[in-house]
Amino acid sequence: MVTGEQIAQATSAGVASTSLLEIRNVAKSFGKNVVLRNISLQVAEGEFLTVLGESGSGKTTLLRIIAGFETATSGELWMGRERLDVLPPYKRRVNTVFQHYALFPHLTVEQNVGYGLTVEKQTKSEVASRVERALAQVKMTAHAKAKPSKISGGQQQRVALARALVKRPKLLLLDEPLSALDANLRRQMQVELKSLQREVGISFVFVTHDQEEAMVMSDRIALLRMGGLEQVATPREIYSRPATAYTAQFIGHTNLLQGEVRGGIMHCGSLSWKTNSPDGPYLLSLRPENIHLIGSSLRAGAVRLQGKLQQRAFHGATELLRVECADGLIVSVRAGARTEWQGELEFEFDPADAVPVRASAERI
Amino acid sequence: MELCLSEANHHSGRAGWLFGHALLVFAFLYLPIVVLIVYSFNGAGVGGFPPRDLTLDWYRTLLADGAIWESVVNSLLVAAAAVVIALGLGIPAALALDRAQFPGKALFRRLVLLPLILPGIITGLSLLMLFNLGKVKLSLLTIILGHGTALISVATTEVFAGLQKFDRAQEEASLDLGATYWQTFLRVTLPNLKLSIVGAALLIFTLSMDEIAVSFFLIGRDNTLPLEIWGRLRRGITPEINAISTIIFVFSLAAIVLWYRLRLGTEGSPETAAELIEPAEQGAQS
Amino acid sequence: MFSRAYRTAITLPPLLWVTVFLLVPYLLMFCYSFWSVSPSQAILHTWSLDNYQQLRHVDVYWQTLLRSMWIAARVTLFSLLLGYPLAYFLSFYAGKRKDLFYQLVVIPLWVSYLVRAYAWKTILGSDGVLNTLLQYVHLTRHPLEFLLYSPFAVVLTLTHIYTSFTFLPIYASLEHIPRNLVEASHDLGASPAQTFWRVVFPLSIPGVLAGATFAFVLSLGDFLAPQLLGGPSGIMISNIVVSLFGAAYNWPLGAAISFCMLVLVVSLLFVAERLEKKWSFA
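Residues numbered from 1 in each chain as written. Chains lettered and ligands numbered in written order. Predicted model: local features only at pLDDT ≥ 70, side-chain atom pairs only at ≥ 80, totals over all residues.

J.: So what exactly am I meant to see when it comes to the overall build of chain C here?
T.: Each helix and strand counted, chain C has twelve helices and two strands in total. With respect to the three principal axes, the spread of C-alpha positions in chain C is 75 × 75 × 35 Å. With 282 residues in all, chain C has 54% of them scored as buried. Residue pairs at least 24 apart in sequence account for 70% of intrachain contacts in chain C once pairs closer than 6 positions are excluded. (Helix = DSSP H or I, 4+ residues; strand = E, 2+ residues; numbered from the N terminus. Buried ≥ 20, exposed ≤ 12 C-beta atoms within 10 Å, placed from the backbone. Contact = placed C-beta atoms within 7 Å.)

J.: Sorry, what's going on with the interface of chain C and chain B here?
T.: How large an interface is tends to be reported as the accessible area lost when its parts come together. Counting residues at the interface gives 87 residues for chain C and 80 residues for chain B. If one sorts the elements of the side of chain C that touches chain B by residue count, helix α1 (residues 4-32) of chain C sits on top with 18 residues. In terms of residue class, the side of chain C that touches chain B is built from 63 nonpolar, 16 polar and eight charged. (Nonpolar A, V, L, I, M, F, W, Y, C, P; charged D, E, K, R; others polar.)

J.: Teacher, can you tell me more about the sheet that holds strand β11 (residues 255-262) of chain A here?
T.: Sheet strands pair via backbone hydrogen bonds, and the direction of the pair is either parallel or antiparallel. Residues and elements named next belong to chain A. Judged by pairing direction, the sheet is antiparallel, and its five strands sit side by side in the order β13-β12-β11-β14-β20 without closing on themselves. At either end of the open sheet lies a strand with only one pairing partner, and these are β13 (271-274) and β20 (355-357). Neighbour-to-neighbour, the strand axes of this sheet turn through a mean angle of 40°, independent of strand direction. As defined by bridge partners, β11 adjoins strand β14 (residues 280-286) across seven bridges and the pair is classed as antiparallel. (Pairing = 2+ DSSP bridges. Axes fitted to C-alpha atoms, helices over the stretch in contact; angles between N-to-C directions.)

J.: Mind showing me how you'd approach helix α2 (residues 59-67) of chain A here?
T.: Every α-helical turn comprises 3.6 residues, leaving residues that sit three or four positions apart pointing alike. All names here are of chain A. For α2, the tally of buried residues reaches nine of nine residues, placing the bulk of the element in the interior. All of the buried residues in α2 are K59, T60, T61, L62, L63, R64, I65, I66 and A67. Among the residues trailing α2, G68 stands out with phi positive, at a value near 110°.

J.: How should the pairing of β14 of chain A be read in this particular structure?
T.: Successive side chains on a regular strand alternate, one facing one side of the sheet and the next facing the other. Across three bridges, β14 of chain A lies against β20 of chain A in antiparallel orientation. Within the sheet, the bridge partner assigned to L284 of chain A lies in β20 of chain A and is P356 of chain A.

J.: Is there a simple way to explain the sheet that holds strand β1 (residues 19-30) of chain A in this structure?
T.: All names here are of chain A. Taken together, four strands build an open sheet; the order of strands is β2-β1-β4-β5 and the sheet is antiparallel. The open sheet is flanked by β2 (33-44) and β5 (82-83), the only strands paired with a single partner. In the sheet, strand β4 (residues 74-79) pairs with β5 via two bridges, with the strands oriented antiparallel. Among the inter-strand pairings, W78 is bridged to a residue of β5, identified as R83. Contacting β1, β2 and β4, α2 crosses the sheet at an angle of about 60° to β2.

J.: Looking at this structure, I do not really get the nonpolar core. What am I missing?
T.: With 173 residues, the main nonpolar core has A86, A155 and I204 of chain B together with A153 and L229 of chain C as its most contacted residues. Apart from residues lying up to four places away in sequence, I204 of chain B is in contact with A82, V83, A86, L151, V154 and A155 of chain B. Counting 78 residues, the second-largest nonpolar core is a separate cluster that includes I39, L63, V127 and M189 of chain A. (Core = buried A, V, L, I, M, F, W, Y, C linked by C-beta atoms within 7 Å.)

J.: Can you help me understand unusual backbone geometry in this one?
T.: Outside of glycine, negative phi angles account for most residues, and trans bonds account for most peptide bonds. In this structure, A102 of chain A takes a positive phi of about 50° despite not being glycine. Position of A102 of chain A among the secondary structure elements: in the loop between β6 (94-97) and α3 (109-118). By C-beta crowding, A102 of chain A is classed as buried, having 25 other C-beta atoms within 10 Å. For Y249 of chain C, which is not glycine, the phi torsion reads 35° and is therefore positive. Take Y249 of chain C: it is sitting in the loop between α11 (237-244) and α12 (251-278).

J.: Which parts of the structure should I look at to understand the interface of chain C and chain A?
T.: Contacts between the two partners involve 17 residues from chain C and, on the opposite side, 19 residues from chain A. The element that contributes the greatest number of residues to the side of chain C that touches chain A is helix α8 (residues 179-187) of chain C, accounting for six residues. A class-by-class count of the residues in the side of chain C that touches chain A yields ten nonpolar, five polar and two charged.

This is the structure:
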């Protein structure tokens with residue numbers, strides 16, 4: 001079984017891996033309102049791709065364009081050798097799991113799941129057996145005869161999933177399907193969805209605003225901001241090597257530091273260290289967990305940081321500390337939880353963890 | 001809530017067919033009125049095609065027609081009184097249905113709403129029997145009582161709908177701050193219901209002005225406008241009737257535009273207006 | 001939250017009024033239906049089922065009742081056929097002009113019923129606008145007699161009146177259908193036609209039932225249109241009732257017929273309500 005990392009690497013490397021869906025220069029405006037700008041993206045076969053973004057980033061619009069509920073103002077969609085965007089939604093081999101499930105209230109769970117097969121004019125027995133399997137896959141067999149109003153939100157979500165998957169689409173679109181669930185159920189469903197995707201082997205394009213969810217589930221994340229792609233990479237890469245300040249801040253916590261390199265030395269406020277980077281101004285992203293308490297002595301090559309504790313936020317196993325340094329620089333540091341922090345605190349970090357990022361432009 | 005498909009060109013065929021149907025229905029609904037208005041200026045009478053001899057004669061005749069104007073005054077009086085009665089009883093009825101429990105509530109609700117859908121003559125003749133029993137002479141008063149009774153249902157429906165949109169917590173806050181029930185009613189409940197009440201009043205007034213079925217049985221010596229016209233129709237048709245009809249149309253148009261503006265003022269969507277008009281409009285033929 | 005005094009104050013006046021002016025009159029009508037009238041036009045308080053028997057067995061009454069129901073059925077059907085696609089168009093295809101179209105549909109409802117019926121009378125007569133127009137453009141040589149003073153005229157006029165009535169509840173129920181259900185249906189491969197019959201129409205049935213009920217009940221009990229436009233062949237049951245309270249002077253018989261209509265209406269409402277409940281999925 002191919003791992004997500006392998007797929008992602010192959011795609012990122014541009015190797016002729018099996019690209020299922022190609023989004024070419026797609027842009028969308030509603031009147032004067034530009035919602036998507038020049039999006040180009042490929043979805044590989046069998047990949048779990050998350051389109052991540054804040055509300056208003058255009059992620060739902062992109063999904064709807066793929067599904068066929070909106071037409072792009074410009075650009076094309078290709079599935080294999082055929083153009084997708086000229087087809088109406090009911091002719092595409094793409095199915096959607098809607099945000100509020102959109103189950104048909106007048107049909108039972110069974111009838112909902114079998115709907116897509118019935119309109120294809122499949123035989124009754126074929127429909128019945130496929131529906132049975134689909135319901136078993138999402139563990140909803142016991143509720144087959146119930147109406148949607150009688151089952152819980154989590155159960156409705158499974159039915160919506162079964163309804164889409166039973167059609168064996170080439171691509172499954174999921175529009176924030178977990179956002180209506182409470183936290184515990186959500187975490188459980190994230191795991192289930194991920195293993196379901198592995199099991200059926202079809203590509204999932206998953207839309208969410210929750211960056212943690214994206215990191216847990218995805219083979220690759222496409223971060224969308226104000227209608228443009230900010231970065232497309234695996235979760236690990238997007239976390240450790242964010243391309244822009246926005247990415248660094250949107251995904252996880254980070255400290256953004258202004259620096260300047262002059263003659264081989266990076267100057268960052270009162271801090272400095274040797275570097276091979278060319279001269280010029282830099283914006284650096286330094287994650288709180290990469291700032292460590294100094295042990296008995298400073299490690300080789302590490303940069304020292306000291307300051308007073310301003311605020312602390314307890315997160316169970318760790319704490320997030322707000323530390324004010326001598327020159328007014330304020331950093332967040334993640335440390336193991338402790339009952340008390342005394343006086344001036346001393347920290348260190350490896351300069352390699354201060355990753356240069358681009359400033360995010362107003363418009364891309 | 002707009003279906004995105006109106007953008008896509010996949011459905012232009014269907015949309016075209018539906019649009020054509022819509023136009024035909026609009027034509028069907030409006031042509032008779034248009035014809036009516038046009039022929040009110042026709043010198044040659046109510047029939048015949050094409051219309052010729054454009055003239056204002058019929059309007060002049062109308063202006064001089066004392067009986068018609070008398071009946072207009074009567075109708076206005078009756079309508080105003082009907083509004084008072086219908087609202088005066090409909091508002092408490094809506095409140096009662098919304099917040100009180102009492103024996104016979106289900107029967108009461110059905111009874112109050114029955115005149116909306118029951119053919120008007122049934123309400124009319126049963127009231128006639130009542131007045132007959134009570135040896136009450138038929139007059140404008142009996143008509144007023146008839147309209148008022150029949151139109152309570154309209155008031156109740158509109159005000160009840162308005163109550164549903166109303167945040168109960170406001171009344172609780174008022175009581176909490178020390179106001180009595182009556183003060184709360186005057187200062188909090190009523191202002192919030194203002195729109196429903198005005199809308200209901202407009203509707204009741206219009207329905208009363210056009211009411212025939214109930215009035216038919218309860219009429220004394222004084223005619224209301226519809227009954228006056230009705231009487232004329234039995235005797236013979238002249239475009240004078242077109243003229244008064246045109247005037248009625250203009251006023252109805254003004255009334256509904258006003259009503260609609262009022263609605264859009266708060267609700268903002270025709271769908272809710274649909275829900276509100278729908279039960280009320282059932283009474284249009286009482 | 002509300003005191004007893006408050007609740008009594010809002011309940012008692014309407015309750016009393018409705019009892020005196022609605023309940024008692026209907027009961028009175030019920031009583032009258034069992035009485036009879038003497039040749040000298042006095043009401044005899046003898047209790048019997050004679051009036052109901054007359055209704056069933058005297059041809060003119062029974063046939064008229066059946067004809068009225070047949071007319072009402074046709075009016076209902078045509079109103080639905082006109083009103084449903086109109087509501088569908090407005091709800092799904094009208095876009096920005098939805099508001100305007102909606103106002104256009106509702107305006108005729110506010111125009112006097114009498115005025116509209118009168119308009120049709122002037123149009124359909126043998127010297128009326130339609131006939132003279134047809135002759136003017138040489139489509140016909142003689143006036144078409146069936147246009148006026150016939151059941152046709154009554155059905156036409158009542159359909160004109162009740163199309164807007166059926167439109168309203170159907171439009172309301174269509175507006176209530178979440179658009180994502182339509183999208184879901186397309187997403188699953190159903191064509192627009194399939195989507196309509198499998199998803200949209202079933203969910204609009206309560207609106208259709210409500211519209212059909214008003215149209216049927218109110219046209220059944222209508223007396224104005226048949227009086228103006230029906231002629232002898234277009235007489236409906238309400239006209240008979242009106243004459244029984246007028247020239248024909250037989251209040252008890254009139255009361256019996258009215259009471260039958262009342263029972264019919266109430267039963268229809270009851271059935272419609274049950275059906276609507278069955279077909280509504282909140």
